[in-house]
Amino acid sequence: MHGFLRSLWNEPRPPGARGPSRWDGVLVAVCALAALAEGALRPDLPWAVLTVAVVAGLSPALLWRRARPLAAVAVVFGGAALLTLVTGGGAGQMYTTVYFLALPYALVRWGSGREVAAGAAIVLLSSSVDLVLDGVRAADLLGGAAVLFATGALGAALRYRSRARAREIDRARLIERENIARELHDTVAHHVSAMAIRAQAGQAVARTRPEAAIEALAVIESEASRALGEMRTMVRALRRDELAERAPGPGLLELEELACTAGPGPAVQVEVSGELDDLAPAVAAALHRMARESVTNARRHARDATLVTVRVDADDTSVRLSVRDDGDTGRLRPTAPPGYGIIGMAERAELLGGSCEAAPAPDGGWTVTAVLPRSGETA
């Protein structure tokens, strides 16, 4: 039990807390106007002017409920307790004070362990003042405590959910980086083998054909430069001290296998244009994996889709992949979080010096677009 309490006390603040936004300002304005309206509509409200002024005046504390939750709780609940002390418990209860519940929720959702403990003490002291001076009945006090506990439990649940999703995202990135590391291992081994063969050939003809030996040295220099660039990418991608599995990775030659016109789900059409023969193996493998992932997502999730188009266009410096379906984006949930497959594709593209984006198309359907440099060097 002591260890559990100690871990709660040392709990740090979760990442992602931000300052006030435009919608926070709208929320503050709504709460303040609601307090003024309630004061005007309740002529029998005791200490009406002072009570309305305090309730409306405390609403700006909502602006800092994420960035400074403990300070917001101290201001609001401390101000409420001070109002009770000044009026001797004679201040009326306003329905607008329901916005106070946003602060215990924010405290548990965004505060550290120490801030949660201090904020709970402040709320308890404020409730004790109400109990002593305002004549609150025990049943009402228990009901209020249950509501406060429910809001805190909701904040804790969302805090845990956010942390669990962050762990899943990190795991997806780690798996993708390990896959990239395995593929780069194969490509680097290919370059080193080519350099060894060229070196042996150069040694064999150095005396009789010096020009051939010079050509072999030029090839070795080129292969070494490409291997060095891919080794740098591999060092950034690796996250564990494990040997990479030696298995040939897929390339653009297998991209045509994605095309299909029969079976369940939408048809898949593949279009390839441009020169693709001298692509870096890591780039070819990445394009194949991103295309396969995008096609799988489209066939699985695109509503009422009849066609998925995969297009690869190459120029002198980069290769562009576009996967688009003609599904009904209006039936998708716009607030759904991005899947881990999209996160993995973006991570793969970034490590190779490119970019990957997924978004609804303006005229319907969903589009995944990736742009990678031909050399596969990191940005």
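What counts as what
Residues numbered from 1 in each chain as written. Predicted model: local features only at pLDDT ≥ 70, side-chain atom pairs only at ≥ 80, totals over all residues. Heavy atoms only, no water. Helix = DSSP H or I, 4+ residues; strand = E, 2+ residues; numbered from the N terminus. Buried < 20%, exposed > 50% of the residue type's maximum accessible area, 1.4 Å probe, protein only. Contact = heavy atoms within 4.5 Å. Areas by Shrake-Rupley, 256 points an atom, 1.4 Å probe, with all protein chains shown as cover. Pairing = 2+ DSSP bridges. Axes fitted to C-alpha atoms, helices over the stretch in contact; angles between N-to-C directions. Polar contact = N/O pair within 3.5 Å; in protein donor to acceptor, adjacent residues only side chain to side chain. Core = buried A, V, L, I, M, F, W, Y, C linked by side-chain atoms within 4.5 Å. Salt bridge = Lys/Arg side-chain N within 4 Å of Asp/Glu carboxyl O. Expected span 1.5 Å × (residues − 1).

Student: Can you walk me through the overall build of the protein chain in this structure?
Tutor: Along the protein chain, the regular secondary structure elements total ten helices and five strands. Every one of the 379 residues in the protein chain was classed for burial, and the buried ones make up 36%. Long-range pairs, those at least 24 residues apart, make up 77% of the contacts in the protein chain between residues at least 6 apart in sequence. Accessible area for the protein chain stands at about 21,700 Å²; split by element, carbon and sulfur atoms hold 61% of it.

Student: I keep staring at the pairing of strand β3 (residues 318-325) and nothing clicks. Help me out?
Tutor: Each regular strand displays side chains that alternate between the two surfaces of the sheet. Note that strand β2 (residues 307-314) and β3 share seven bridges and pair antiparallel. Bridged to T309 within β3 is R324. Once β2 ends, the chain turns through three residues before running back antiparallel as β3. In this sheet, strand β5 (residues 366-373) lies alongside β3 in antiparallel orientation, the contact comprising seven bridges. When the sheet's bridge partners are listed, S322 is paired in β5 with T369.

Student: Hey, could you run me through unusual backbone geometry in this one?
Tutor: Note on backbone geometry: most residues besides glycine have negative phi, and most peptide bonds are trans. Positive phi outside glycine occurs at W47, with the angle close to 50 degrees. Its place among the elements puts W47 in the loop between α2 (22-41) and α3 (48-58). Classification of W47 as partly exposed rests on a relative accessible area of 46%.

Student: It is not clear to me how the sheet that holds strand β1 (residues 267-273) should be interpreted in this structure. Could you clarify?
Tutor: Working definition: the strands of a sheet are paired by backbone hydrogen bonds and lie parallel or antiparallel to each other. The mixed open sheet is built from five strands, whose spatial order is β1-β2-β3-β5-β4. Unpaired on one side and paired on the other, β1 and β4 (355-360) mark the two borders of the sheet. Strand-to-strand twist of the sheet, defined as the mean angle between neighbouring strand axes without regard to direction, takes the value 10 degrees. Relative to β2, β1 is paired through seven bridges, and the arrangement is parallel. Directly across from V272, in β2, lies its bridge partner V312. Along the sheet face, helix α9 (residues 281-301) touches β1, β2, β3, β4 and β5 and points at about 10 degrees away from the line of β3.

Student: Can you walk me through the side chain of R65 in this structure?
Tutor: Note on placement: R65 falls in the loop between α3 and α4 (69-86). Here L62 takes part through its backbone oxygen, which lies 2.8 Å from a polar atom of the side chain of R65. Filtering out sequence-adjacent residues up to four positions away, R65 remains in contact with D24, L27, A72, L103, A106 and W110.

Student: Help me understand the nonpolar core, please; the structure alone is not making it clear to me.
Tutor: A general trend in soluble globular proteins is that nonpolar side chains are found buried together. Counting 29 residues, the largest nonpolar core has L287, M290, V310, L321 and L372 as its most contacted members. Those elements that place two or more of their residues in this core are β1, α9, β2, β3, α10 (340-351) and β5. Per-element tally for this core: the top contributor is α9, with eight residues. Counting residues in each nonpolar core, the second largest holds 25 residues, with C31, L62, A80 and A91 among its members.

Student: Where do I start with the environment of W47 in this structure?
Tutor: Sequence spacing of W47 and L83 is 36 residues, and the spatial spacing of their C-alpha atoms is 10.0 Å. Leaving out residues up to four positions away in the same chain, W47 has contacts with T87, G90 and A91.

Student: Looking at this structure, I do not really get the pattern of salt bridges. What am I missing?
Tutor: Pairing between side chains of opposite charge can happen when the charged atoms of each approach one another. Within this structure, the stated rule accounts for nine salt bridges. Among the salt bridges present, the one from R163 reaches E11, with a minimum N-O distance of 2.2 Å. With a gap of 152 residues between them, R163 in helix α7 (residues 138-205) and E11 in the loop between α1 (2-9) and α2 connect regions that are remote in the sequence. On the basis of relative accessibility, which here comes to 37%, the residue R163 falls in the partly exposed class. Judged by relative accessible area, which is 21%, E11 ranks as partly exposed. Measuring nitrogen to oxygen at the nearest pair gives 3.6 Å for the salt bridge that ties E115 to R13. One end of the pair, E115, is in helix α6 (residues 113-133); the other, R13, is in the loop between α1 and α2, with 102 residues separating them in the sequence. Via salt bridges that share partners, E11, R159 and R163 belong to a single interconnected network.

Student: Looking at this model, I keep getting lost on α4. Mind explaining?
Tutor: Because the α-helix completes a turn every 3.6 residues, residues three or four places apart line up on one side. Compared with the 26 Å implied by 1.5 Å per residue over 18 residues, the 25 Å span of α4 between its first and last C-alpha is a close match. Buried positions along α4 lie against α3, α5 (102-110) and α6. In the segment just after α4, G88 is the residue with positive phi, at about 65 degrees.

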